[in-house]
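# Commentary on secondary and tertiary structure
Residues per chain are reported as follows:
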Amino acid sequence: MSGVPRMYATPLTSNQTNEKSSKGAEGPHLQDLPQNSPQALMKPGAVSTVPNIFKEVRGDWVLFHPVYTPEELHAVEVMHREAKTLSDTIAYNFVKLARWGFDVISGYKHKPMPPNASVLTVEELRKGGYIMDDRQWLKRFLFLESIAAVPGMVAATLRHLRSLRLMRRDSGWIHTLLEEAENERMHLMTFMTLRNPSYFFRALVLGAQGVFYNAFFLCYLVSPRTCHRFVGHLEEEAVLTYTRCIKEIENGRIPEWTSLPAPEIAKDYWRLGDDAKFLDVIYAVRSDESTHRFVNHSLANLNYKTDVNPFALREPDMNVKGSTLWCVHSSPSENGTDEIFLPDQFRARRAEKYVEESHKIIEGSK
């Protein structure tokens, strides 16, 4: 579903429980519901935090997000974009610094396997520091996702304020950035079903989030393009981390997760089957990170002041997003300036046409 227009399969209409009610045809207000009502917001667990009046959305989200086919889940490649400009170099160096800090705080490590790894047991490899156990992986994921949800929200906030100041439309950037922030937050909500972090860990997250939020805020004011390139490189690292985790699970080096069922929140969010395993969740999360990698590298190639966001209404499928990073090359245009070439429809000069095609697809589906 990642390549289709951003539309729900059925309209999110409310149940008309009492059309004659003076409180509105949409039904009673949440404040009028009894505390034990099944429509109450406060329910145990990370799922079911939206009233039941929404039949198609049962979880803690409301924005668009891709749902992947089995083929798309396996179409993601580990890729890296080489720095081409000073701005790119600055962004990548900051990512390396951030990666080092994340690794230290979360205790993440990835040592080369010893020559006799094939004859060593999982416990022996763990004692030698060659592989991590399930708790160490979760610690890494929780810390990573608590920080990864920051850039999209910061960028969306600043573009929102810019739109208000200039009193003109934003060309579709805000929605995509908010979707990214919510998607990363849902990763965190999913992993939280497996572990409740300690107060010390939460304090580390609080400190890191405070520093990162303000730093990214100030940097985005100076150079949005550099910030999107930074996020693109950061997502490259996320794809690498989740790819390593997938290999560890499939090689039997995280036995705790080999047959672990997928959390209900994950089945609901990614539309996974009833028999889905936690491995399927990791595949879906990796695909999300690949989407953010593709989108941010593409946004970094656009003029943030004037260009339309080509992903506001639809995105390509994972066969494109999972194997493509950004423009394939730059070449001089007729007027002597550098012209960005993205894979076909993602060229900066064709962004508006791509949006127009999206509108036609939506109109044709009505």
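Residues numbered from 1 in each chain as written. Predicted model: local features only at pLDDT ≥ 70, side-chain atom pairs only at ≥ 80, totals over all residues. Heavy atoms only, no water.

### Topic: the overall build of the protein
When you go through the protein residue by residue, the secondary structure sums to 12 helices and two strands. Reading the helices (α) and strands (β) of the protein from amino to carboxyl end gives α-α-α-α-α-α-α-α-α-α-α-β-β-α. Here the protein holds 366 residues, and 47% of them are scored as buried. Across the protein, every contact between residues at least 6 apart in sequence was considered, and the portion connecting residues at least 24 apart equals 73%. Accessible surface, the protein as shown: approximately 18,800 Å² in total, 57% of it carbon and sulfur. (Helix = DSSP H or I, 4+ residues; strand = E, 2+ residues; numbered from the N terminus. Buried < 20%, exposed > 50% of the residue type's maximum accessible area, 1.4 Å probe, protein only. Contact = heavy atoms within 4.5 Å. Areas by Shrake-Rupley, 256 points an atom, 1.4 Å probe, with all protein chains shown as cover.)

### Quick word on the confidence of the model for the protein
On average, the protein scores 78 in pLDDT, and the residues at 70 or more come to 72%. Confidence, expressed as mean pLDDT per element, reaches its minimum in the protein at strand S1 (residues 329–332) with 38 and its maximum at helix H5 (residues 150–166) with 96. Segment residues 7–33 is flagged for pLDDT under 50; beyond a separation of four residues in sequence, or across chains, it makes 29 contacts in the model. Contacts from residues 327–346, a stretch scored under 50 in pLDDT, to residues over four places away or in other chains number 37 contacts. (pLDDT = per-residue confidence, 0-100.)

### Looking at helix H8 (residues 224–250)
Each turn of an α-helix holds 3.6 residues, which means side chains three or four residues apart point in the same direction. The end-to-end C-alpha separation of H8 is 39 Å, in line with the 39 Å expected for 27 residues at 1.5 Å each. Burial of H8 is extensive: 22 of the 27 residues sit out of reach of the surface. (Expected span 1.5 Å × (residues − 1).)

### Quick notes on the packing of aromatic side chains
Tallied over the full model, the rule gives 14 aromatic pairs. With 6.3 Å between their ring centres and 50° between their planes, Phe216 and Phe230 make a pair best called tilted. On the criterion of sequence distance, the pair formed by Phe216 in helix H7 (residues 199–222) and Phe230 in helix H8 is long-range, its members being 14 residues apart. A relative accessible area of 10% places Phe230 in the buried class. Among the aromatic side chains, those forming a connected cluster through ring pairs are Trp137, Phe141, Phe191, Tyr242, Trp257 and Phe278. (Phe/Tyr/Trp six-rings, centres within 6.5 Å; stacked < 30°, edge-to-face > 60°.)

### Thoughts on the pattern of salt bridges
Summed over the entire model, instances satisfying the criterion amount to 11 salt bridges. A salt bridge links Arg253 to Glu248, with the nearest nitrogen and oxygen atoms 3.5 Å apart. Among the salt bridges present, the one from Glu315 reaches Lys321, with a minimum N-O distance of 3.0 Å. You can call Glu315 buried: its relative accessible area is 5%. Assessed through its relative accessible area of 0%, Lys321 is described here as buried. Salt bridges sharing partners connect three or more residues here, namely Arg81, Asp88 and Arg229. (Salt bridge = Lys/Arg side-chain N within 4 Å of Asp/Glu carboxyl O.)

### Here we look at the UniProt feature "transmembrane region" (unreviewed entry) in the protein
When the UniProt feature table is mapped onto this chain, "transmembrane region" (unreviewed entry) is found at residues 141–161 and 199–222. A helix fraction of 95% and a strand fraction of 0% characterise residues 141–161, whose end C-alpha atoms lie 31 Å from each other. Helix makes up 100% of residues 199–222 and strand 0%, with an end-to-end C-alpha separation of 35 Å. (UniProt positions renumbered as here; feature names shortened; annotations may be inferred.)

### Considering the side chain of Asp88
Along the chain, the position of Asp88 falls in helix H2 (residues 86–106). Under the relative-accessibility criterion, Asp88 is labelled buried at 5%. Engagement of the side chain of Asp88 in a polar contact is seen with the side chain of Arg229, the distance being 3.1 Å. Contacts of Asp88, omitting those with residues within four sequence positions, involve Arg81, Ala83, Arg229 and His233. (Polar contact = N/O pair within 3.5 Å; in protein donor to acceptor, adjacent residues only side chain to side chain.)

### Digging into unusual backbone geometry
We note that Met167 has phi near 55°; this positive angle belongs to a residue other than glycine. In this fold, Met167 is placed in the loop between H5 and helix H6 (173–192). What makes Met167 exposed here is its relative accessible area of 75%. In this model, Ser171 sits at a positive phi of 65°, which is unusual for a non-glycine residue. Looking at where Ser171 falls in the secondary structure, it is placed in the loop between H5 and H6. Classification of Ser171 by relative accessible area gives partly exposed; the value is 31%.

### Notes on the nonpolar core
The biggest cluster of nonpolar side chains holds 66 residues, and the ones touching the most others in it are Phe191, Phe230, Trp257, Trp270 and Ile282. Of all the elements in the fold, those that place two or more residues in this core are H2, helix H4 (134–148), H5, H6, H7, H8, helix H9 (264–269) and helix H10 (278–300). (Core = buried A, V, L, I, M, F, W, Y, C linked by side-chain atoms within 4.5 Å.)

### Comments concerning the packing of H7 against H8
Running from N to C, H7 and H8 point in directions that differ by 135°, and their axes come no closer than 6 Å. Considering their axes alone, H7 and H8 lie oblique with respect to each other. Seen from H7, the contacting residues are Phe212, Phe216, Cys219, Tyr220 and Val222; seen from H8, they are Pro224, Cys227, His228, Phe230 and Val231. Residues that form the contact of H7 with H8 fall into these classes: nine nonpolar, one polar and no charged. (Axes fitted to C-alpha atoms, helices over the stretch in contact; angles between N-to-C directions. Parallel < 35°, antiparallel > 145°, perpendicular 65-115°, else oblique. Nonpolar A, V, L, I, M, F, W, Y, C, P; charged D, E, K, R; others polar.)

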